[in-house]
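# Analysis of the macromolecular model
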Amino acid sequence: MPKKRSGGGLSPTQQAAKFLGVSVLAGAVLAGIALPAAGALGLAAKGSVQSFDEIPANLKSPQLSQRTTILDDRGKQIATVYSRDRTVVDLKDISPYMQKAIVAIEDSRFYQHGAVDLKGVLRALNKNAQSGGVAQGASTLTQQLVKNYFIEEAGDDPTKVAEATQQTLGRKIRELKYAIQIEDKLGKKKILENYLNITFFGEQAYGVEAAAQRYFSKHAKNLNLQESALLAGIVQSPSRYDPVNDEAEATKRRNTVLQRMAEVGDISQKEADEAKQKPVELDPSHPKNGCITAVKGAGFFCDYVRQILLTDKSFGKTREARSKLWNRGGLTIRTTLDPQAQRSVQASLKDHVYESDSVATAATIVEPGTGKILAMGQSRPYGVNTKNHETTINLSVNQDMGGGAGYQPGSTFKPIVAAAAIEGGKPATQEYSSPYEMAYPSPVSACNGKTWHDDPNRPTKLTNENESEHGPYGMKEATAKSVNTYYVQLISDIGICPVIDMAHRMGVQRADGRKVQQAPSIALGTQEMSPLTMANAYATFAARGMYCTPVAIDSITQKVGSEQKSLEVPKSTCSRAMSENTADTVSTLLKGVVEDGTGQEAGLGSRPSAGKTGTTDERYAAWFVGYTPNMAGAVWVGDPQHKRRMVDITIGGVPHAKVYGGEVPGPIWRDMMSGALEGKPAPDFHLIDIPDDTHNGGDQGKGDGGTDDGNNGTAPGQVTGGLIAGLTDGGTTDGGATGDQGTGGTLPTPTFSLPGNFIQGQLNGGNNGHGHGGHRG
C-alpha cells in the first residue's frame, strides 16, 4: 500500500488525480478511436490519439518459454530443462472451474467489454478515491495478457523486464493499442487460453498446467472448484499467496475468489460456502529442472548438449540468439546417448573409483565411422554441492564446452606418431637403437621449413621406465612395451610436422584451445587433451582411417503453437585421415598392447580389442584409450586440480604404490566396454602381418615409458632450463602462458618431473605441455 504521510509521497487527492488522468486518457483514446470527437475531452484526446496512432499495430504473440526434453537414442527421457517451467495446453484441457475462477477474480466483465472496460475504470477510480490509494486496478485480462507478452519477450534480461513493467503513460498507451488489436484478432476464448498459459503462478510455475502439477500433482483439466480458486487467487501476488509457504494467507485469498465466483453467478452461494469450509489440500511436486535431474549419471552429457546449442551457429548466428532459443525451450532433443553404454560407464566408474577419492575419473565412448557420442560420465556427480564432491566441470570435454584445461595423455599419444610415420612410408618393422637413456636428437625438422634445436650446452635426456628396456627395437615391440626412446627417435626421424598434421586430421587438439606445440616431446603425450578428443581420435583407427567429428544430437523438434517444427542440427563430417593400410597397421600394433603388452588388464577376452596405456611423469594422470571395430573409448584417472600424485594412494578402496595406465584405467575401460558391447556383434580387425622383432630388447616391465617418478630436485609446478631453445629463422619457442585457470577454480595443468634446463625461460608456472610423457601404466 502507498504511504500516506505529510511531506512525502502523493496525497490521497493527488493519487486519485493521477489515476483519473490515466483513466481519462485511456477513455479519451478509446473515444478518439470510436468517435469523430470526444466532446469536452476532444482537445486532450487529439494529442493522445496522435501518439497512439504512431505505435505500429504489429504485436505478435511470443513463443512462450516451455520445458525442453532431452532424450537418449531410444527416445527415453534423460532430463527436462527450462528457463520457465511451462507446458502450454489448449483451453479444452483446462478445468471449467479454473476458467471461471480466473475471470471472476481478475476481470469479471471479461465477456461483456472490449479491450478496455470503461465501467471497470470508473469503478476502480471510485474505489481508489475512497481508499486514498490504488486499491483496485482496472486492467482487463486482455491488457494483462499484453503486459505478460512484453515480460515474456524480455526473458531474463532485467533491463528489458523493467521496461516491460514500468508504470509510465507511454507503456499504458502502447499496452492499450495492442490490447485492442488482440481483441480484434484472437477473440475471447483464445485470449483466455493464452492468459492462462502465460501467467506466473509462483513456485517456478508458469501457466496453469505447470501450476496444477506444482501444487496438486495433477493436470489442469482435473482441477476441482477449491483448487481452481486457490490458483486463481495466487496470480495477484504469487509470493504473498503462496500456499506452500503461507497456507493461511492463501486460504483467505482462495475464499475471496470463491465469494467472487458466487457474486457473479458462476457458482451458488451454497457451493461457495461449502468450498470455503474445506481445508487447502496440497500434493506438491518439487520442480525438477536442469541437467542435475538427468538419469543414468548423464548430467555431464546433458550439459554438453546444452553447450552445443549455445555455441553452434546452426542454432543462431549470435550467442544472444542461441541463448534465446535455449531459454524459450519447447524443444525435444533426441541425442546419440546409448542407455546401455551409459549405464555400463557409470557402473564401471562407480566400481573402481569412489566419489570421495582424492582423484577422479572420466570416460567417454564414441562410435567409429559416425562420430556419435554413446556415453559420457565421471566419478564425481554433476551438481554444485562441493561438500558432496559434486562439480559442474565436465572432465571429459574441452574447456570451451564446459570442461577443464585437459590432461597430458602420456603414451596414449604414441599411436598418432606411429600413424604419421607409417603414412609417410616408414615400415612397421622400422628399428631404432632405443637405449635406456639418451639425449633428445637435435636438430629436428618442424613445420613451415623451421627446425627445432636442443641446447647443445645442456642437452635434455630421457629414459625408459626400466633399465632393462633397451634396444634395438622394432615398432611392434616398442609399442607393446611403450618404449620412450624408440618413439623419440621415430619423431626425430620423420620430423615434428607430420605428427602435427596427423593429429589435426584425427581431430586431436589441446583442451584449452591453444595450438599443439612443436617439440619432439609431443611424441610422449605432453599436450593436454580431453577424454572425448582421445576417444574420437582412436575411433579413427577403428574406422580404418576415417575421422568423423563428434556429435551428440540426432534431431530437434520445437513446439510452435500446436505444431512441431524440425530444426537443423549439426551433422558429423567425415574425412580420410590416413589410408586403410595405415589404420589397420596401427590396430595390429595396438592389439598387441592388449594381448601381450602393458594393456593386458584391459583385454575383452574373446572380443577383439586394441588400445594403449599412458601414465604421465610424477603420476598426475593415467589413461587407457582403446577400441573395438564398433566402439572406441577413453578413460582418464587423476586429480582435476593437479595436486595429488598417484603414489601411495587408495582408489576405489584398493591401495596402490604407483598407479599405471594398465592397472587402474585399464580395468575401468574393460568393464565399461564389456557392458556397452554386450549383445552386440564382435567383428575382427583387418590385421596386417608384422614380422616379430629380431632383437630382444629386455624385459617387458609394467610401466608405460617415461622416467622415474621422483621429483629429480624439481618441485611440482616449477621447471627451468632450455629444451626449447627455439625454432630457427625466428620460429616459436614453445613458451606461452604459465598455468591454466578456468571455471570452478584451478584446472589441470599437469607438471612433469623434468631434468634441469628443460624449458628455457619458463619459471614457476607449469611446464606448458613439455615433458617425458608418461609411464607405461
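From a predicted model like this one, the values you see are computed outputs, not experimental measurements. (Residues numbered from 1 in each chain as written. Predicted model: local features only at pLDDT ≥ 70, side-chain atom pairs only at ≥ 80, totals over all residues. Heavy atoms only, no water.)

### What about the state of the cysteines?
Scanning all chains against the criterion turns up three disulfides. Sequence-ordered numbering of the bonded cysteines in the protein gives a pairing of 1-2, 3-4, 5-6. (Disulfide = S-S within 2.5 Å.)

### Focus on the packing of aromatic side chains
For the structure shown, the criterion picks out 13 aromatic pairs. Ring geometry for Tyr627 versus Phe685: centroids 5.6 Å apart, planes at 85°, classification edge-to-face. With Tyr627 in strand 17 (residues 621-628) and Phe685 in the loop between helix 22 (665-677) and strand 21 (741-742), this residue pair connects regions lying 58 residues apart in the sequence. Through successive ring pairs, a cluster of aromatic residues spans Tyr538, Phe541, Tyr627 and Phe685. One residue, Lys188, lies across the ring of Phe110, its end atom 4.4 Å from the ring centre. Above the face of the Tyr660 ring, Arg619 is positioned so that its terminal group lies 4.6 Å from the ring centre. (Phe/Tyr/Trp six-rings, centres within 6.5 Å; stacked < 30°, edge-to-face > 60°. Helix = DSSP H or I, 4+ residues; strand = E, 2+ residues; numbered from the N terminus. Lys NZ or Arg CZ within 6 Å of the ring centre and 35° of its normal.)

### Some remarks on the side chain of Gln99
Counting through the fold element by element, Gln99 comes out in helix 3 (residues 96-106). The class of Gln99 is buried, set by a relative accessible area of 17%. The contact partners of Gln99, leaving out residues within four places of it in the chain, are Leu91, Ile94, Leu192 and Leu196. (Buried < 20%, exposed > 50% of the residue type's maximum accessible area, 1.4 Å probe, protein only. Contact = heavy atoms within 4.5 Å.)

### Considering the confidence of the model for the protein
Confidence along the protein averages 81 in pLDDT terms, with 77% of residues attaining 70 or more. Considering only residues more than four positions removed or in separate chains, one finds that residues 697-702, a stretch of pLDDT under 50, has 28 contacts. Low pLDDT, under 50, characterises residues 706-777; the stretch is placed with 283 contacts to residues that sit more than four places away or in other chains. (pLDDT = per-residue confidence, 0-100.)

### Thoughts on the pairing of strand 5 (residues 373-378)
Across the six residues that make up strand 5, a large majority, six, are buried. Relative to strand 5, strand 4 (residues 360-366) runs antiparallel, the two sharing five bridges. Residue Thr364 lies in a different strand from strand 5, and its bridge partner there is Met376. If you look at the hairpin formed by strand 4 and strand 5, you'll find six residues sitting between the two strands, and Gly369 has a positive phi there, around 85°. (Pairing = 2+ DSSP bridges.)

### As for the packing of helix 16 (residues 414-423) against helix 21 (residues 580-596)
To characterise two packed helices, one gives the angle between the axes of the helices and the distance between these axes. At a closest axis distance of 9 Å, the pairing of helix 16 and helix 21 adopts a crossing angle of 140°. Our classification of the angle between helix 16 and helix 21 gives oblique. Of the two elements, helix 16 crosses helix 21, and the hand of that crossing is right-handed. In this structure, helix 16 contributes Pro415, Ala418, Ala419, Ile422 and Glu423 to the contact, and helix 21 contributes Thr582, Thr585, Val586, Leu589 and Leu590. (Axes fitted to C-alpha atoms, helices over the stretch in contact; angles between N-to-C directions. Parallel < 35°, antiparallel > 145°, perpendicular 65-115°, else oblique. Left-handed = near helix turned anticlockwise from the far one by under 90°.)

### Observations regarding the environment of Ala478
Its place among the elements puts Ala478 in helix 17 (residues 475-481). With relative accessibility at 0%, the residue Ala478 sits in the buried group. Taking C-alpha positions, Ala478 is 9.8 Å from Val593, a pair spaced 115 residues apart along the chain.

### Observations concerning the pattern of salt bridges
Under the defined criterion, the tally for this structure stands at 28 salt bridges. As a salt-bridge pair, Asp303 and Arg306 come within 3.1 Å of each other at their nearest N and O atoms. On the criterion of helical spacing, the pair formed by Asp303 and Arg306 is a turn pair, its members being three residues apart in helix 13 (residues 299-311). Since its relative accessible area comes to 25%, Arg306 is described here as partly exposed. The partner of Asp455 in a salt bridge is Arg458, with the nearest N and O atoms 3.6 Å apart. Overall, Arg458 belongs to the partly exposed group, its relative accessible area being 37%. Each of Arg84, Arg86, Glu152 and Arg328 takes part in salt bridges that share partners, so that together they form one network. (Salt bridge = Lys/Arg side-chain N within 4 Å of Asp/Glu carboxyl O.)

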